[in-house]
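What the coordinates show
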Amino acid sequence: MNFTSAKDHFKVEWILALVLIIFILFKIDAITLPYFWDELGVYSRAALHLHDHGLSLLPKDLPPELSRGHPMLFSFIYGLSFTLFGDTILTGHITTLFISIVFIIALYLIFKDQFQNKYFALAAASIVLIQPIFVAQSVMVLPEVMLALFMILSLYFFSKQKYILYMLFSSAAILVKETAIIIPIVVFTANAIILFARENSLKEIFKLKYFSAFIPLAVFGGFLFIQKQQNGWYFFPYHIEAV
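None of these values were measured; they are calculated from a predicted model.

What follows covers the overall build of the protein. Assigned secondary structure in the protein consists of 14 helices and 0 strands. The linear arrangement of helices and strands in the protein, starting from the amino end, is α-α-α-α-α-α-α-α-α-α-α-α-α-α. When its C-alpha atoms are laid out on the principal axes, the protein stretches across 60 × 55 × 30 Å. Scored against the burial criterion, the 243 residues of the protein give a buried share of 42%. When contacts within the protein are restricted to residue pairs at least 6 apart in sequence, long-range pairs at least 24 apart make up 70% of them. Accessible area for the protein stands at about 13500 Å²; split by element, carbon and sulfur atoms hold 71% of it. Charge-centre separation for the protein: the mean point of 16 positive side chains lies 11 Å from the mean point of 15 negative side chains.

Structure, rendered in structure tokens:
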């Protein structure tokens, strides 16, 4: 493949790269802004605590007022970034920007694979890129973009019957934020509906491979068990009182 043909072959990828570069330049000023709201109150402080006192995923190693009873993978990843690149606001925001760019690239690749159309994939990724909520959170030290990345990857890998990768990314999503516990229910129910529509039977859904959908719930259950042993409660008491 000569240079010209290679250039034509990857034309859409070059367009995506240009769009991402423009987006990064657009966000340059934002990466120097102070932490705001939950960034300041919880997430950056939790990551900085792990940076200062040792990286860990165990509930006992993060004060409850910082962990709020949540799994600690998000804080661990940002704590690792602070350890590697310095505990500055710049590091926190650039880490999120990097995850945001990876998320957009992952969306493009998934749509390209699913629909076999690069231009459709580019359009879909670009539409997400300009959503106000994504633009706002793309540099903030908040878990939603990382959560979205792990969730879309877990759904994709389950659809491709790559169950080990599904279990890895869906477990990671749950350990970023408990919201992701919906994933096992979604993939199991969706496959039950598909199988019933195709074969007018649900017998296939009870094969062992489909029950791998629920392994991430066991991971979350393990975290709650450890939290009970170390902190004395399963869920953050303040949240329980609020309910």
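Turning to the packing of aromatic side chains, a few remarks are in order. Evaluation of the coordinates by the stated rule reveals 15 aromatic pairs. Here the aromatic rings of Phe158 and Tyr166 are separated by 4.9 Å at their centres, their planes lie at 70°, and the arrangement is edge-to-face. Chaining the aromatic ring pairs together yields one cluster made of Phe150, Tyr156, Phe157 and Phe169.

Between side chains of opposite charge, a pair can form when the charged atoms approach closely. Enumeration over the complete set of coordinates arrives at 5 salt bridges. A salt bridge links Lys177 to Glu144, with the shortest nitrogen-to-oxygen separation between them at 2.9 Å. Of this pair, Lys177 sits in the loop between helix H10 (163-176) and helix H11 (182-199) while Glu144 sits in helix H9 (residues 144-159); the two residues are 33 residues apart in sequence, bridging distant segments of the chain.

Taking 1.5 Å of rise per residue, the 17 residues of helix H13 (residues 215-231) would be expected to cover 24 Å, and the 24 Å separating its terminal C-alpha atoms lies within 8% of that figure. Of the residues trailing H13, Gly232 is marked for its positive phi of about 90°.

Moving on to the environment of Phe36. For Phe36, the position within the fold is in the loop between helix H2 (11-26) and helix H3 (38-53). Distance from Phe36 to Met167, taken between C-alpha atoms, is 33 Å for residues 131 residues apart in sequence.

The biggest cluster of nonpolar side chains holds 58 residues, and the ones touching the most others in it are Tyr78, Ile104, Phe150 and Tyr166. Ranked by size, the runner-up nonpolar core spans 5 residues in total, among them Ala46, Leu50, Leu66 and Met72.

Let us now look at the packing of H2 against helix H7 (residues 118-129). Across the interface, H2 lies against H7 with an axial gap of 10 Å and an inter-helix angle of 10°. Between H2 and H7, the interaxial angle falls into the category roughly parallel. Here Lys11, Val12, Glu13, Ile15, Leu16, Val19, Leu20 and Phe23 of H2 lie close against H7, whose contacting residues are Lys118, Tyr119, Leu122 and Leu129. Class assignment of the residues belonging to the contact of H2 with H7 gives a composition of 9 nonpolar, no polar and 3 charged.

Of note in this structure, Trp37 is not a glycine but carries a positive phi near 55°. Mapped onto the fold, Trp37 is located in the loop between H2 and H3. Positive phi, normally seen in glycine, also occurs at Gln161, with a value near 60°. Mapped onto the secondary structure, Gln161 falls in the loop between H9 and H10.

The next thing to look at is the environment of Glu39. Secondary-structure assignment places Glu39 in helix H3. Glu39 sits 101 residues away from Met140 along the chain, and the two C-alpha atoms are 6.9 Å apart. Not counting residues up to four positions away in its chain, the partners in contact with Glu39 are Pro34, Ser44, Arg45, His93, Val139, Met140, Val141 and Leu142. Of note is the side chain of Glu39, whose polar atom sits 3.0 Å from the backbone nitrogen of Phe36. Engagement of the side chain of Glu39 in a polar contact is seen with the backbone nitrogen of Val141, the distance being 2.6 Å.

What follows is about the side chain of Glu178. Within the secondary structure, Glu178 sits in the loop between H10 and H11. Lys177 provides the closest opposite charge to the buried, salt-bridge-free Glu178, at an N-O distance of 6.9 Å. Within the structure, the side chain of Glu178 is placed 2.9 Å from the side chain of His70, a separation counted as a polar contact. Sequence-distant contacts of Glu178, defined by excluding residues within four places in its chain, comprise Gly69, His70, Pro71 and Phe220.

Cut-off values and rules
- Residues numbered from 1 in each chain as written.
- Predicted model: local features only at pLDDT ≥ 70, side-chain atom pairs only at ≥ 80, totals over all residues.
- Heavy atoms only, no water.
- Helix = DSSP H or I, 4+ residues; strand = E, 2+ residues; numbered from the N terminus.
- Buried < 20%, exposed > 50% of the residue type's maximum accessible area, 1.4 Å probe, protein only.
- Contact = heavy atoms within 4.5 Å.
- Areas by Shrake-Rupley, 256 points an atom, 1.4 Å probe, with all protein chains shown as cover.
- Lys, Arg positive; Asp, Glu negative; His and termini not counted.
- Charge placed at Lys NZ, Arg CZ, Asp CG, Glu CD.
- Phe/Tyr/Trp six-rings, centres within 6.5 Å; stacked < 30°, edge-to-face > 60°.
- Salt bridge = Lys/Arg side-chain N within 4 Å of Asp/Glu carboxyl O.
- Expected span 1.5 Å × (residues − 1).
- Core = buried A, V, L, I, M, F, W, Y, C linked by side-chain atoms within 4.5 Å.
- Axes fitted to C-alpha atoms, helices over the stretch in contact; angles between N-to-C directions.
- Parallel < 35°, antiparallel > 145°, perpendicular 65-115°, else oblique.
- Nonpolar A, V, L, I, M, F, W, Y, C, P; charged D, E, K, R; others polar.
- Polar contact = N/O pair within 3.5 Å; in protein donor to acceptor, adjacent residues only side chain to side chain.

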